[in-house]
Protein chains: 2
Amino acid sequence: MNTETSISTEEAILVAARKVFELKGFDGARMQEISDRAGINRALLHYYFRSKDKMFERIFDEALERFMPLLSTWDQDPDESWELKLKRFVRTFITFLKANSMLFLLREIIRKPDLLTSRTKKYRKGLNKFVLYFERLKLEGQIRSDLDSRHIYIIIYSLCSFPLMNAIVFSYSLRISTKEYDELMAGYPEIISNLLIQLLKHQNN
Amino acid sequence: MNTETSISTEEAILVAARKVFELKGFDGARMQEISDRAGINRALLHYYFRSKDKMFERIFDEALERFMPLLSTWDQDPDESWELKLKRFVRTFITFLKANSMLFLLREIIRKPDLLTSRTKKYRKGLNKFVLYFERLKLEGQIRSDLDSRHIYIIIYSLCSFPLMNAIVFSYSLRISTKEYDELMAGYPEIISNLLIQLLKHQNN
DNA sequence: TTTACTTTTAACAAGATTGTTAAAACACTA
DNA sequence: TAGTGTTTTAACAATCTTGTTAAAAGTAAA
């Protein structure tokens, strides 16, 4: 097996496929468009990945593999204060989302809900670490106790995810270019970190 | 023209088409599935709407027509306090999103960005009312002045939209049923209204 | 150079999907 | 009931898309 060339074309295909699947979704993606983008003959896609389905599963699983670990990083560094942990999380998560399309995952899950239940089993254990972490903070009296941890979870992820997922609509309705929107969002992680910390702190009224 | 029957079948088709387009997206939607759902022959879809494209445009435009006015209701009732206005907006917007899929719009816009620029011109004027409104509140000293109005805009819409768009993933990762998620979200509008008000008020530190 | 193996291509087959059309069924009025 | 126009259907045509295959091109070792 000629590892040299096969890896590079396989990688070229994956890069192209990722892009096309993200842009058009599984149903809108065309094998022809993927091979054109990769600069190779369409039959090669089948040579390397057998079928469109198999290729998609590979892309989808790799996206999950990158994405899921981010959702369960709340029990590391027990010495770190929750404020710092939160800041670090928001920064990391947003940086990640800038480079990886979460909308892709969501769109495909809605198209085929089966994807969520069949392909994420191994991650599910880590998913409630967030809620457990904030439950503990509440018990320890470190944050206000009148908020449901699940709401906190939802709020934090919404503030991190949606501004990037919806960038195209936000920039349009704010009448700025996507470049200007990126600039506007440069300070965003810092801002919502501070807002969230302010919210979670004990209230003095 | 037999108005009686034609309106009811046309409406049946539209209901079915909306559902299928929302679930599968334009590319995944099949004319056959739509006609099955509507309980009619597939050729009737073409009789009423000529083509899949035309039918989609109708659905898409109607969705925009319902959605866009919600984004520009900030200059009515000048006597209403901003707190009340915000509460009312959050409640209305979330109620609306529960019944109408915003993900549908976003997904199709990403598939074909042209849809955004070509079919939303008439709404664009109203879109910056929000930002203008909050700019004015800042000038009048009614809310804290250190936040960018555009960030406020993004934060409010993110908190309202994403928990509903992403319901399927949130309920999965919280390990609760969609029914339980709905129950969890019953109190959500009230909660984020209060959080937002708290955030926007002048800081006392 | 020959041989054996891998990679790539062009051409083809099978199936799915949209859109058309001619005729049947229906509804309503004279 | 006969006639007129509308609604609905079944069958068909055209196109697009995925996937297969046999052969060509490339690579590396004997």
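Residues numbered from 1 in each chain as written. Chains lettered and ligands numbered in written order. Predicted model: local features only at pLDDT ≥ 70, side-chain atom pairs only at ≥ 80, totals over all residues. Heavy atoms only, no water.

## Here's the deal with the interface of chain A and chain B
Note the cut-off: Contact definition: two residues touch when any of their heavy atoms are within 4.5 Å. When two parts are brought into contact, each loses some accessible area as probed by a 1.4 Å sphere; the total of that loss over both is the buried area. The term polar contact refers here to a pair of N or O atoms within 3.5 Å; inside protein, the definition further demands a hydrogen-donor-capable atom paired with an acceptor-capable atom, and it admits residues adjacent in sequence only when both atoms are side-chain atoms. Working definition: helices are DSSP H or I runs of at least four residues, strands are E runs of at least two. Numbering for both runs from the N terminus.
Taken together, the 55 residues of chain A in the interface contact 55 residues of chain B. Carbon and sulfur atoms supply 73% of the area that chain A and chain B bury against each other, a total of about 5400 Å² over both sides. In terms of surface lost to chain B, no three residues of chain A exceed R124, F162 and Y172 of chain A, which account for 13% of the buried area on that side. Inspection of the chain A/chain B interface yields ten residue pairs in polar contact (both at pLDDT 80 or more). Those elements that place two or more of their residues in the side of chain A that touches chain B are α1 (3–28), α6 (102–111), α7 (114–119), α8 (121–127), α10 (149–165), α11 (167–173), α12 (178–186) and α13 (188–200) of chain A.

## Details of the confidence of the model for chain A
The following threshold applies: pLDDT measures the predictor's confidence residue by residue and takes values from 0 up to 100.
Mean pLDDT over chain A: 92, with 96% of residues reaching 70 or higher. Within chain A, the lowest mean pLDDT, 84, falls on α8 of chain A, and the highest, 98, falls on helix α2 (residues 31–38) of chain A.

## Concerning the domain arrangement of chain A
All names here are of chain A. Condition: By convention here, the domain bounds are inherited from an automatic or database domain assignment. Any Lys or Arg side-chain nitrogen found within 4 Å of a carboxyl oxygen on Asp or Glu counts as a salt bridge.
Domains assigned within chain A are domain 1 (3–50) and domain 2 (64–200). Computed from C-alpha coordinates alone, the two centres of domain 1 and domain 2 are separated by 30 Å. Interface area, domain 1 with domain 2, both sides summed: about 510 Å², of which 49% is carbon and sulfur. Counting the contacts that link domain 1 with domain 2 gives zero salt bridges.

## Observations regarding the side chain of S171 of chain B
Residues and elements named next belong to chain B. To keep things clear, this is the line we draw: Exposure is judged per residue with a 1.4 Å probe applied to protein chains only, and the accessible area is read against the type maximum: over 50% gives exposed, under 20% gives buried, and values in between give partly exposed.
Along the chain, S171 turns up in helix α11 (residues 167–173). Residue classification places S171 among the buried residues on the basis of a relative accessible area of 3%. There is a polar contact of 3.2 Å between the side chain of S171 and the backbone oxygen of I168. Those residues in contact with S171 that sit more than four places away from it in its chain are I176, S177, T178 and Y181.

## Let's talk about the environment of T120 of chain A
Assignment of secondary structure puts T120 of chain A in the loop between α7 and α8. In this structure, the C-alpha to C-alpha distance between T120 of chain A and M68 of chain A, residues 52 residues apart in sequence, is 8.6 Å. If sequence neighbours within four positions are ignored, T120 of chain A has contacts with L64, M68 and L115 of chain A together with Y172 of chain B. In this structure the side chain of T120 of chain A is engaged in a polar contact, spanning 2.4 Å, whose partner is the backbone oxygen of L116 of chain A.

## Considerations on helix α10 (residues 149–165) of chain B
Residue and element names in this part refer to chain B. What counts here: How far a helix is expected to stretch is found by multiplying one less than its residue total by 1.5 Å. Two axes define the bend at a residue: one fitted to the seven residues ending there, one fitted to the seven starting there, and the bend is the angle between them.
Taking 1.5 Å per residue as the helical rise, α10 with its 17 residues ought to reach 24 Å, and the 24 Å between its terminal C-alpha atoms agrees with that figure. Maximum bend of α10: about 30°, positioned at S158. The buried fraction of α10 amounts to 15 of the 17 residues, a majority that puts the element mostly inside the structure. The opening residue of α10, the one whose side-chain oxygen lies 2.8 Å from the backbone nitrogen of R150, is D148.

## What to know about the relation of the copies chain A and chain B
Here is the rule: Copies are brought into register by a least-squares superposition over C-alpha atoms of residues with pLDDT of at least 70 in both.
Rotating chain A by 180° and translating it 0.0 Å along the rotation axis places it on chain B, where the RMSD comes to 0.1 Å. What the superposition gives is, in effect, a two-fold axis relating one chain to the other. Here 100% of the interface residues in chain A have copies in chain B that are interface residues too; the copies meet face to matching face.

## Details of the packing of helix α9 (residues 129–139) of chain B against α10 of chain B
Residues and elements named next belong to chain B. Condition: Axis definition: a line fitted to C-alpha atoms, over the contacting stretch in the case of helices. Angles run 0 to 180 degrees between N-to-C directions. If an angle is under 35 degrees, it is roughly parallel; if it is over 145, roughly antiparallel; if it lies from 65 to 115, roughly perpendicular; otherwise it is oblique. Should the near helix be turned anticlockwise from the far one by less than a right angle, the crossing is left-handed, and should it be turned clockwise, the crossing is right-handed. Classification used: nonpolar for Ala, Val, Leu, Ile, Met, Phe, Trp, Tyr, Cys and Pro, charged for Asp, Glu, Lys and Arg, polar for all others including Gly.
It is the contact of α9 with α10, at a shortest axis distance of 9 Å, that shows an interaxial angle of 120°. Classified by the angle between their axes, α9 and α10 sit oblique to one another. Handedness of the α9/α10 crossing: right-handed. Contacts between α9 and α10 involve F130, V131, F134, E135 and K138 on the former and, on the latter, S149, R150, I152, Y153, I156 and Y157. Residues of the contact of α9 with α10, tallied by class, amount to seven nonpolar, one polar and three charged.

## Digging into helix α6 (residues 102–111) of chain B
Residue and element names in this part refer to chain B. Burial within α6 is extensive, with ten of its ten residues counted as buried. For α6, every residue scored as buried is listed here: M102, L103, F104, L105, L106, R107, E108, I109, I110 and R111. Between the side-chain oxygen at the start of α6 and the backbone nitrogen of L103 there is a gap of 3.5 Å, and the oxygen is on S101.

## A short note on the pattern of salt bridges
Two side chains carrying opposite charge are able to pair once their charged atoms lie near each other. Residues and elements named next belong to chain A. Counting across every chain of the model gives 38 salt bridges over all chains. With its nearest N and O atoms 3.5 Å apart, the salt bridge here joins R18 to E11. A relative accessible area of 38% places E11 in the partly exposed class. One salt bridge in this structure joins E57 and R119, with 3.5 Å as the shortest N-O distance. Taken together, the positions of E57 in helix α4 (residues 52–67) and R119 in helix α7 put the pair 62 residues apart, joining distant regions of the chain. Overall, the relative accessible area of 32% leaves E57 in the partly exposed class. For R119, a relative accessible area of 25% puts it in the partly exposed group. By sharing partners, the salt bridges in this structure join E10, E11, R18, R58 and E62 into a single network.

## What about unusual backbone geometry?
Glycine aside, negative phi is the norm for most residues, and most peptide bonds take the trans geometry. Residues and elements named next belong to chain A. The backbone phi angle of R175 is positive, close to 60°, even though this residue is not glycine. Residue position: R175 is located in the loop between α11 and α12. Taking relative accessible area as the criterion, R175 reaches 43% and is therefore assigned partly exposed.

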